[in-house]
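Chain residues, written in single-letter form:
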Amino acid sequence: MWGPEGLDEVEAELLGPPEELKGRDVLELGAGAAQCSRWLAAQGARPVALDISHRQLQHALRIGGPFPLVCADAGALPFADGSFDLACSAYGALPFVADPRLVLREVRRVLRPGGRLVFSVTHPIRWAFPDEPGPEGLSVSASYFDRTPYVEQDEDGRAVYVEHHRTIGDRVRDVVASGFRLMDLVEPEWPAWNTSEWGGWSPLRGNLIPGTAIFVCVRD
């Protein structure tokens, strides 16, 4: 799944036709519990699941899967140049770094020529609206152009969660400046079958404003 709307890679084929994934080396960035890598392995691909969170990778290890788990910073990938055919990230890594170009350039380095990167993030327009699933989440409450990061702190004032806001234009410029060609920008519509409501996600909001932006990029 590329996001809360429920867009499935089987349907979207943003990484390419599933039958062509067999034997491909794929890097999953911000893998969490490695759900995407587990699906890729089932298609015959050779995924590597990377996350900076050791605890998340412990969950992945407990669930199991025939692929390596790597605890590392996405801005300093511990792989040789040209190690992968594809890279993907579903709401991982990129929203949580202050300098996304550092990550994108690293991904480009480890991709082979013609390699594809597909990553999804919260759609930037969502930053202008309250994170509420009901009608109160439909009125603009902040500037879309305010790039102040969202920060949660513990009682000692230490940051425990940070998410950085980039506009659509920022994201496009980051992709291009990092040496990628942007092939597609997908904004999934909320499907009729998805009746789930959680956090700021709901059919009400999903039918009116986009929630996810998916960038399909190629290393020429």
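Residues numbered from 1 in each chain as written. Predicted model: local features only at pLDDT ≥ 70, side-chain atom pairs only at ≥ 80, totals over all residues. Heavy atoms only, no water.

(A) Quick look at helix α2 (residues 35-42). Taken as a whole, α2 has its buried residues at S37, L40 and A41. Angularly, the buried residues of α2 cover 100° about the axis, an arc narrow enough to put them on a single face. The outward face of α2, more than 90 degrees from its buried face, is lined by the exposed residues Q35 and A42. Residues of α2 that are buried make contact with β1 (25-29), β2 (46-51) and β4 (84-90). Two residues or fewer past α2, G44 is found with a positive phi of approximately 95°. (Buried < 20%, exposed > 50% of the residue type's maximum accessible area, 1.4 Å probe, protein only. Helix = DSSP H or I, 4+ residues; strand = E, 2+ residues; numbered from the N terminus. Arc of directions from axis to C-beta. Contact = heavy atoms within 4.5 Å.)

(B) Examining the sheet that holds strand β5 (residues 111-122) more closely. Taking strand neighbours across the sheet as the criterion, the seven strands line up as β3-β2-β1-β4-β5-β9-β8 in an open arrangement whose pairing is mixed. Only two strands of the sheet have a single partner each, and these edge strands are β3 (69-71) and β8 (181-186). On average, adjacent strands in this sheet sit at an angle of 20° to one another, irrespective of strand direction. As paired strands, β1 and β2 are joined by five bridges and run parallel to one another. Bridge pairing links L29 to L50 in β2. The sheet contacts of α2 involve β1, β2 and β4, and relative to β2 the element is tilted by about 175°. Strands in contact with helix α4 (residues 100-110) are β1, β4 and β5; relative to β5, the strand with the most contacts, it is inclined by about 145°. (Pairing = 2+ DSSP bridges. Axes fitted to C-alpha atoms, helices over the stretch in contact; angles between N-to-C directions.)

None of the figures reported here should be taken as evidence of function without further support.
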